[in-house]
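Report on the structure
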Amino acid sequence: MSLTYLLPCPCGQKIPVETTLAGESVVCRQCGQTVEVPTLLRLKQLEMVSIEDSKSAWGTRQKVFLVGLVIIAAGIGVTVWCLLTWPLSPADQITHDHLVQYIDNFTLLGTYREWETLRRGVTPFPGEEKYHAAVTHHQFWLVVCGLILVAGVVVLIVGFSIPSQPRRIE
Ligand SMILES: [Zn+2]
């Protein structure tokens, strides 16, 4: 933290200037005018504000950016995890070999029972309900990922809006 004075610009904007800028000029970020910074003695009569110095102000910006990037990275990470572990439908997992083996193992009674089952209507594949629950679960996480990514973008925008200190004119 360093002492900063608010130098009024003709446009009405108050330019924060540090004591190290006394006797020099700064460019107003609002209107682009070059404003003379008074000498140290007169500078001290101006309105004073205690804000972070330019280095740590940039640091704050960087930190906010970093947080935003970490949030976005986390969002992408969870999205990738979510897509990689997306549940397979039990119907998709049944291979031709499985099916042949299943049918080969049918006894006459088993076949009759299967036929009876089918006659009562198509029953869901074993594990079908579990599969749907897993899909719902994953869809929920995808929505969460979307929200995380949006939050990350918002943090980045906030980082962009943090003003940097006026630059010294050489
Ligand atoms: Zn101005």
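Refer to the structure above for everything that follows.
Notes on the structure follow. None of these values were measured; they are calculated from a predicted model.

1. Brief notes about the overall build of the protein chain
A tally of helices and strands in the protein chain yields six helices and five strands. In the protein chain, the order of α-helices and β-strands from amino to carboxyl end is β-β-β-β-α-β-α-α-α-α-α. A separation threshold of at least 6 residues defines the contact pool for the protein chain, and within that pool the share at least 24 residues apart is 65%.

2. Things to note about the nonpolar core
In this structure, Tyr5, Leu7, Ile15, Val17, Leu21, Val26 and Val37 together form the largest nonpolar core, which totals seven residues. Of all elements in the fold, only β1 (2-8) and β2 (14-18) reach the threshold of two or more residues within this core.

3. Focus on helix α6 (residues 128-161)
The end-to-end C-alpha distance of α6, which contains 34 residues, comes to 50 Å, matching closely the 50 Å that a straight helix rising 1.5 Å per residue would cover. When we look at burial in α6, the residues that qualify are Cys145, Ile148 and Gly152.

4. Considerations on helix α5 (residues 108-119)
A rise of 1.5 Å per residue sets the reference length of α5, with its 12 residues, at 16 Å; its end C-alpha atoms lie 16 Å apart and thus fit the reference within 8%. Little of α5 is tucked away, with zero of its 12 residues classed as buried. In the stretch just after α5, Gly121 is the one whose phi turns positive, near 115°.

5. As for the environment of Gly127
Residue placement: Gly127 occurs in the loop between α5 and α6. Distance in space between the C-alpha atoms of Gly127 and Ala91 is 9.3 Å, their sequence separation being 36 residues.

6. Comments concerning the environment of Lys44
Along the chain, Lys44 falls in the loop between α1 (40-43) and β5 (47-51). Between the C-alpha atoms of Lys44 and Leu3, which are 41 residues apart in sequence, the distance is 9.9 Å.

Reading guide: rules and limits
- Residues numbered from 1 in each chain as written.
- Predicted model: local features only at pLDDT ≥ 70, side-chain atom pairs only at ≥ 80, totals over all residues.
- Helix = DSSP H or I, 4+ residues; strand = E, 2+ residues; numbered from the N terminus.
- Contact = placed C-beta atoms within 7 Å.
- Core = buried A, V, L, I, M, F, W, Y, C linked by C-beta atoms within 7 Å.
- Buried ≥ 20, exposed ≤ 12 C-beta atoms within 10 Å, placed from the backbone.
- Expected span 1.5 Å × (residues − 1).

Don't take any of this as a statement about function, it's just geometry.
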